Amino acid sequence: MPTLNIYKTIFIPITILLLFTALFFLNSYPNVSTILGGIALFLIGMEYMEVGFKAFSSGALESVLKKFTNTTPKAIFTGFLSTAIVQSSSLISVITVSFLSAELMGLSSAIGVIFGSNIGTTATSWLVSLFGLQIKISHYAMPMIVVGIFLPLFSKSNSWRGISSVFIGLGIIFLGISYMKEGFETLKNGIDLAQYAIAGYAGVFMYVLVGAIATVVIQSSSATMAIIITALATGQIDYTNALALAIGANVGTTVTAILGALKANENGKRLAVAHFIFNIITGLIAVAFIYQLTELVDYLAQYIGIGIDDYTMKLALFHTIFNIIGVLLVSPFISLLVKFLNTLFIAKGMNKGKPKYLDSSALVLPSTALVAIVMETKHLYTNAFDIISRGINLKKKNILSNMDLDAVIDDQYTYKAIDIDDFYQHWIKGIYGEIIDFTTKAQVSMPSEYIEELYKLKLANRDIVEAIKDTKHLQKNIFKYTISKNKYIKEQYNDIRKGLTQLLRTIESIKDSNQDEEILVLISKAKIESKRYDIISNGTLDRLIRQGLISNQMATSLMNDSDYAYNISQKLINMAQVLFIDINSDLRDFNEELTITDEEINSHIKDHL
Amino acid sequence: MSIKKFIKQVKRILLLNNFEQKGKKKSLKILLEKLEARKRVLRKIPRKALTIKERKALKEEEEILSLQIKKGKKILKELQSII
């Protein structure tokens, strides 16, 4: 479930094992061989469907999950609908975990989606009961596979390839069901599994266990349900035992989730545990009230036109009802569950120098990978902000306040220069390295429009790192000259500190603003402001030297350090333009063309002299 | 009819040519409206109530806005000539 990765790593061995076992039994037990082959085909078909929907939806599925999950009822409904349509709770879970990791979705919403997805997954039971057994679906299988194979010949777009995969997947699933059904029918002539039916609660517990183990082994509750339904349809298992097997399949699917979450981050673990708790509670309720639920199913069945002896449809109804009851009973406690899960798994992100958002689950989709990189770069900037403010001997809380600039620079952070290299090693290097590594992995499967954004983000990261390195050079003389007895040089270095404080404040305003026109003005203002460091052009240096106000050594230091301050400004402005302008904003296309150019800045300054 | 020709026909019938430019034009128009609205708001601020420093900052912002509106209109004109 929540991790497709573990499913993927064992999917191929399981399928191969099933096919080999099918071959092994081919002569001695041809019907067992047919059933195993059917299961293998069903799994392959599911895989095709999932890959197809991923390519076909191409961002639409992510948009739906992002937009319609802000409240718990909405999240449950979205989870239900999306799973019922794409027929893959694994795909929905993977997207949910990656959104959770990228903070595009809260834990309550994610839990809602998973609950809804549990109801949505029962759609497979309905499909198998309705179409798989009522009609001869193997007749439709081949035409669907043929359509799927020929579709990509007409268009090479991802969407068409996705649709073709969905067709091929459905066709293979139909074939699989048909083989399973055929296998169970012929098996009945030899062995009657129904003779092993156990009555009472002993049978219920026994079959719950069998259902759970089967799902853990096959790694797909949908496949287990397909087996149960076909076995029930051919009379190989008795109705009550089939219900118990269905409960077992629901419990078994959480083991896959837990196994997968072992390697996931805190969010993946929280979601897997939430899913586990939900399915266990639902399973316990279903087992405790299995006979009452059976009566409820019989009662409801007559109202929706299900025959009294149509056990496969009644099983599908039972599967849906006990999942709905589970959601109704557990949903009111989601906020309590969230608190419990947050206490159970404490975010490792508390460690400042470690990446917070670069989870491998985000690599599954280009959009989530990009969001993860944006979030991590923002995290890198937050750490850089702390280092730069300390480097120019300022207190972060003062910069972020409305305090007057003169008061901010008077309230110094320390009396001694900090070791910026040490801070860089602890707060920057690890995150920066991880971002570059993650970016390299992400770009492998990214379309061209994402690659362009990725390139800009790489540059933004480089700008942040270089701004820190420039601060390191600047720091030495800031500490030396802000305590100098020469008031002129002291004034110049405090002016640099004021300028950088103003810049950091402007960037914070850009970061917090969601108004395009405001961002545009702020960027232009910051660019004009950075020209204050051009002390050669504005005549400051000439005046100080000519009037003998500073020594030659002070003059060269001031010239170099003004250059460092200018570079810090330019790099941070460039970074802000990439990082803090929303990717979907109208400004994104025109930001570079509309912001003030160097030539316009010079003419603006000339006009105001 | 070849597939390429078919796609071309569909694009022509559904007026999908220059779709990207049209999207850009729309974005720019929205942005220009926002910039002009901001300029109008700034103009309404009573100058007398401000300090010299604040008046200077306001004037600078107005100048930046005028410059950006001018540049935006120029780009819009270029886009309109393409479409």
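Residues numbered from 1 in each chain as written. Chains lettered and ligands numbered in written order. Predicted model: local features only at pLDDT ≥ 70, side-chain atom pairs only at ≥ 80, totals over all residues. Heavy atoms only, no water.

**Section: the overall build of chain A**
Here is step 1: Per the secondary structure count, chain A includes 27 helices and zero strands.
Here is step 2: For chain A, buried positions account for 54% of its 609 residues.
Here is step 3: Sequence separation of at least 24 residues holds for 78% of the intrachain contacts in chain A that already meet a minimum separation of 6.
Here is step 4: Carbon and sulfur atoms make up 61% of the accessible area of chain A, which amounts to about 27200 Å² in all. (Helix = DSSP H or I, 4+ residues; strand = E, 2+ residues; numbered from the N terminus. Buried < 20%, exposed > 50% of the residue type's maximum accessible area, 1.4 Å probe, protein only. Contact = heavy atoms within 4.5 Å. Areas by Shrake-Rupley, 256 points an atom, 1.4 Å probe, with all protein chains shown as cover.)

**Comments concerning the overall build of chain B**
Here is step 1: Across its full length, chain B holds three helices and zero strands.
Here is step 2: Shown N-terminal to C-terminal, the secondary structure of chain B runs as helices and strands in the order α-α-α.
Here is step 3: When the 83 residues of chain B are sorted by exposure, 27% land in the buried category.
Here is step 4: Long-range contacts, defined here as pairs at least 24 residues apart, represent 67% of the contacts in chain B between residues at least 6 apart.
Here is step 5: Put simply, chain B shows about 6500 Å² of open surface, and 60% of that area lies on carbon and sulfur atoms.

**Re a negative patch on the surface**
Here is step 1: Together, Asp589, Glu592 and Glu593 of chain A together with Glu78 of chain B make up a region of like negative charge exposed at the surface.
Here is step 2: Tallying contributions element by element places helix H26 (residues 587-594) of chain A first for the negative patch, with three residues.
Here is step 3: Mapping Glu592 of chain A onto the fold places it in helix H26. (Patch = residues over 30% accessible without salt bridge, like charges linked within 9 Å, V, L, I, M, F, W, Y side chains within 5 Å. Salt bridge = Lys/Arg side-chain N within 4 Å of Asp/Glu carboxyl O. Lys, Arg positive; Asp, Glu negative; His and termini not counted. Charge placed at Lys NZ, Arg CZ, Asp CG, Glu CD.)

**So, the pattern of salt bridges**
Here is step 1: Per the counting criterion, the structure on display carries 16 salt bridges over all chains.
Here is step 2: Asp298 of chain A serves as the salt-bridge partner of Lys314 of chain A, at 2.8 Å between the closest nitrogen and oxygen. Remark: Asp298 of chain A occurs in helix H14 (residues 290-303) and Lys314 of chain A occurs in helix H15 (residues 311-330); sequence separation between them is 16 residues.
Here is step 3: Judged by its relative accessible area of 3%, Lys314 of chain A is buried.
Here is step 4: Residue class for Asp298 of chain A comes out partly exposed when judged on its relative accessible area of 26%.
Here is step 5: In this structure, Glu62 of chain B engages Arg47 of chain B in a salt bridge whose closest nitrogen and oxygen atoms are separated by 2.9 Å. Note that Glu62 of chain B is positioned in helix H3 (residues 52-82) and Arg47 of chain B in the loop between helix H2 (19-44) and H3, a separation of 15 residues in sequence.
Here is step 6: Among the charged side chains, a network of salt bridges with common partners joins Glu466, Asp470 and Lys571 of chain A.

**Considering the layout of surface pockets**
Here is step 1: Computed from the structure, the second largest pocket encloses a volume of approximately 1700 Å³.
Here is step 2: Residue lining of the second largest pocket: 41 residues in total, with Ile528, Glu529 and Arg532 of chain A together with Lys56 and Glu60 of chain B positioned closest to the centre.
Here is step 3: Considering every element that reaches the lining of the second largest pocket, the biggest residue donor is helix H22 (residues 487-512) of chain A, with nine residues.
Here is step 4: Tallied by class, the residues present in the lining of the second largest pocket amount to 13 nonpolar, twelve polar and 16 charged. (1 Å grid on protein atoms, 1.4 Å probe; cavity = no way out; pocket = protein on both sides within 12 Å on 5 of 7 lines; lining within 4 Å. Points joined across faces, edges and corners; volume = space filled by probe spheres on them. Nonpolar A, V, L, I, M, F, W, Y, C, P; charged D, E, K, R; others polar.)

**As for the side chain of Asp470 of chain A**
Here is step 1: One can find Asp470 of chain A in helix H21 (residues 448-481).
Here is step 2: Among residues more than four places away in sequence, those in contact with Asp470 of chain A are Tyr564, Asn567, Ile568 and Lys571 of chain A.

**Describing the confidence of the model for chain A**
Here is step 1: In the predicted model, chain A carries a mean pLDDT of 82, and 88% of its residues have values of at least 70.
Here is step 2: Considering only residues more than four positions removed or in separate chains, one finds that residues 1-6 of chain A, a stretch of pLDDT under 50, has 24 contacts. (pLDDT = per-residue confidence, 0-100.)

**Topic: the packing of aromatic side chains**
Residues and elements named next belong to chain A.
Here is step 1: The final tally for this structure, using the stated rule, is nine aromatic pairs over all chains.
Here is step 2: Between Phe318 and Phe322, the aromatic rings sit 5.2 Å apart at their centres with planes inclined by 55°, giving tilted as the arrangement. Of the two residues, Phe318 and Phe322 are both situated in helix H15; the distance of four residues between them amounts to about one turn of the helix. Note on accessibility: Phe318 and Phe322 belong to one class, buried.
Here is step 3: What links up through ring pairs into an aromatic cluster is the set Tyr381, Phe385 and Phe580. (Phe/Tyr/Trp six-rings, centres within 6.5 Å; stacked < 30°, edge-to-face > 60°.)

**So, the interface of chain B and chain A**
Here is step 1: Taken together, the contact between chain B and chain A spans 22 residues of the former and 21 residues of the latter.
Here is step 2: Together chain B and chain A conceal approximately 2100 Å² of surface at their shared face, both sides included; 65% is due to carbon and sulfur atoms.
Here is step 3: Looking at the side of chain B facing chain A, the largest losses of area belong to Leu31, Gln68 and Lys71 of chain B, adding up to 25% of the total buried there.
Here is step 4: Connecting chain B to chain A are three salt bridges.
Here is step 5: At the boundary of chain B and chain A, one finds seven residue pairs in polar contact (both at pLDDT 80 or more).
Here is step 6: Listing elements by their share of the side of chain B that touches chain A, those giving two or more residues are H2 and H3 of chain B.
Here is step 7: With 13 residues, the top contributor of residues to the side of chain B that touches chain A is H3 of chain B.
Here is step 8: Split into classes, the residues belonging to the side of chain B that touches chain A amount to eleven nonpolar, three polar and eight charged. (Buried area = accessible area lost by both parts, 1.4 Å probe. Polar contact = N/O pair within 3.5 Å; in protein donor to acceptor, adjacent residues only side chain to side chain.)

**Focus: helix H23 (residues 516-530) of chain A**
Residues and elements named next belong to chain A.
Here is step 1: Here H23 contains 15 residues, and its C-alpha end-to-end distance of 21 Å stays within 8% of the 21 Å for a straight helix at 1.5 Å per residue.
Here is step 2: The buried count for H23 comes to twelve of 15 residues, which makes it a mostly enclosed element.
Here is step 3: Looking only at H23, the buried set comprises Asp516, Glu517, Ile519, Leu520, Val521, Leu522, Ile523, Ser524, Ala526, Lys527, Ile528 and Ser530. (Expected span 1.5 Å × (residues − 1).)

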